Amino acid sequence: MEILKLKPVFKNYIWGGTRLTEDFGFDTGFDKTAEGWMLACHKDGMNTVSGGEYDGKTLAEVIETVGAETLCGTDCSKFPYFPVLIKLIDARDNLSVQVHPNDEYARRVENEFGKTEIWYVLDAADGAELIYGFKNEITKDEFRSSIENGTLLERLNSVKVKKGDLFFIEAGTVHAIGKGALIAEIQQNSNCTYRVYDYGRVGADGKPRELHIDRAVEVSETVPPKHAISHETGDNKKSRLLAKCDLFTVNKYEIENSLTLKTDSTSFNHILVLEGCGKVESTEFKKGDSLFVPASFGEYRIDGKAEIIVTKI
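Note that the structure is a prediction, hence the values are computed from the model and not measured. For every chain, the first residue of the written sequence is number 1, and numbering continues from 1 onward in sequence order. Only residues with pLDDT of at least 70 are given local features in this predicted model, and only at 80 or more are side-chain atom pairs given and counted; all residues enter the totals for whole chains, interfaces and linings. Side-chain figures throughout are based on the complete set of non-hydrogen atoms in the structure, without hydrogens or water.

### Describing the overall build of the protein chain
Numbering of helices and strands runs from the N terminus, with a helix taken as a DSSP run of H or I at least four residues long and a strand as a DSSP run of E at least two residues long. Within the protein chain, the secondary structure is distributed over seven helices and 22 strands. For the radius of gyration, the atoms used are the C-alpha atoms, and the globule rule reads 2.2 Å times the number of residues raised to 0.38. Against the globule reference of 20 Å for 313 residues, the protein chain gives a C-alpha radius of gyration of 19 Å, in line with a compact fold. C-alpha extents for the protein chain along the principal axes are approximately 60 × 40 × 40 Å. By the burial criterion, 53% of the 313 residues in the protein chain qualify as buried. Every residue pair with non-hydrogen atoms within 4.5 Å of one another is taken to be in contact. In the protein chain, of all internal contacts separated by at least 6 residues, the share reaching a separation of at least 24 is 75%. Working note: accessible area of the protein chain is about 14,100 Å², and carbon and sulfur atoms make up 44% of it. Buried, partly exposed and exposed residues are distinguished by accessible area as a fraction of the type maximum, computed with a 1.4 Å probe on protein chains only: under 20%, between the cut-offs, and over 50%, respectively. Here the open area of atoms and residues is found with the Shrake-Rupley method and a 1.4 Å probe, where only the protein chains shown may cover a residue.

In structure tokens, the structure reads:
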């Protein structure tokens, strides 16, 4: 089974910018691009394979052809859906303040899945901030009142960010990416979002974008986040564990010459190339490439000079 190079899916939300084109060289088809879905097997976005035996096939079609355990691994069979969605996010403007439900609520109310995610900051303009939970614990009624009387932002925890910062955002955490941040996001395979506040913006139809206040209040954890922000240092640049939980395990590597990794029967490896170029076995890669190493592949060698994020289940 060969390594699959995946073609991203692009989204042109109103807050997007030009860095996915300028920095990564993507032909997105948009003047401004908000997101590149780098590993996506979802009804709202589906990768196709670029080159090789399965050229032009969707990831879902390859899974059906090859078999889920062969391609994705036995750990993926614990989930009733493809388990992860990986994005590059360019925030030229502030994203809405929002929250995602947990699995139980999302499946019961939305016929979707919950959304826990991590953000790895690839770059940040001077003064760039992210919203990460509440400053102090408040009640649900106080949360609703702060939305209604325009004091919500005063309640939220705004954090200045820089390249290499990592945020673990559990479902139920109120959050927002601020303007000037370039983010790699690894998340549950869900597109379920409840907007709480949107800076008074209007959509393409000239009308204010929909808010979801009742559901947001219902699913939000109105306490400060329990996960600390993690910062990159010289000690962990070569090899850094970004996240390890029941949903995914994510590592970042800085490769000077070569690196040997392996898959086993439990999970695929997904490689997101942040910088540099090289080869994974015989498959060439460059900055911005998305590579899917099947669970059945086994040991593989990466040659080149690059920074990569590797995700597995």
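### Overview of the pattern of salt bridges
Salt bridge, as used here: a side-chain nitrogen of Lys or Arg that lies within 4 Å of a carboxyl oxygen of Asp or Glu. Taken as a whole, this structure holds 26 salt bridges when the rule is applied. A salt bridge links lysine 115 to glutamate 185, with the nearest nitrogen and oxygen atoms 4.0 Å apart. With lysine 115 in the loop between helix H4 (103-109) and strand S9 (117-124) and glutamate 185 in strand S14 (residues 181-188), the pair connects residues that are 70 residues apart, well separated along the chain. Here lysine 115 falls in the buried class, since its relative accessible area comes to 4%. Exposure remark for glutamate 185: the relative accessible area of 4% places this residue in the buried category.

### Some remarks on the layout of surface pockets
Considered as a void within the structure, the largest pocket measures approximately 410 Å³ in volume. Taken together, 21 residues form the lining of the largest pocket, with Tyr13, Gln98, Asn191, Thr193 and Arg195 sitting closest to its centre. For the lining of the largest pocket, the secondary-structure elements that each account for two or more residues are strand S7 (84-91), S9 and strand S13 (175-177). Take the lining of the largest pocket: its biggest share by element is three residues, from S13. Residues were grouped as follows: Ala, Val, Leu, Ile, Met, Phe, Trp, Tyr, Cys and Pro as nonpolar; Asp, Glu, Lys and Arg as charged; and all remaining residues, including Gly, as polar. Split by residue class, the lining of the largest pocket holds seven nonpolar, seven polar and seven charged. Residues are called lining when one of their atoms sits within 4 Å of a cavity or pocket point, these points coming from a 1 Å grid over the protein atoms alone, where a cavity is a set in which a 1.4 Å probe fits but cannot get out and a pocket is an open set with protein on both sides within 12 Å along at least five of seven lines. Grid points are joined across faces, edges and corners, and a volume is the space filled by probe spheres set on the points.

### Section: helix H2 (residues 59-66)
Given 3.6 residues per helical turn, the α-helix brings residues three or four places apart onto the same face. Buried within H2 are the following residues: Leu59, Val62 and Ile63. Burial along H2 is one-sided: seen end-on, the buried residues are contained in an arc of 100°. Exposed residues lying more than 90 degrees from the buried face of H2 are Glu64 and Thr65. In this structure, the buried side of H2 is in contact with strand S1 (4-7), strand S3 (35-39), strand S4 (41-42), strand S5 (45-46), strand S6 (48-49) and helix H3 (68-71). Glycine 67 sits one or two positions beyond H2 and adopts a positive phi of about 110°. It is the directions from the helix axis to the C-beta atoms that the arc portrays.

The values are spatial; any link to function lies outside them.
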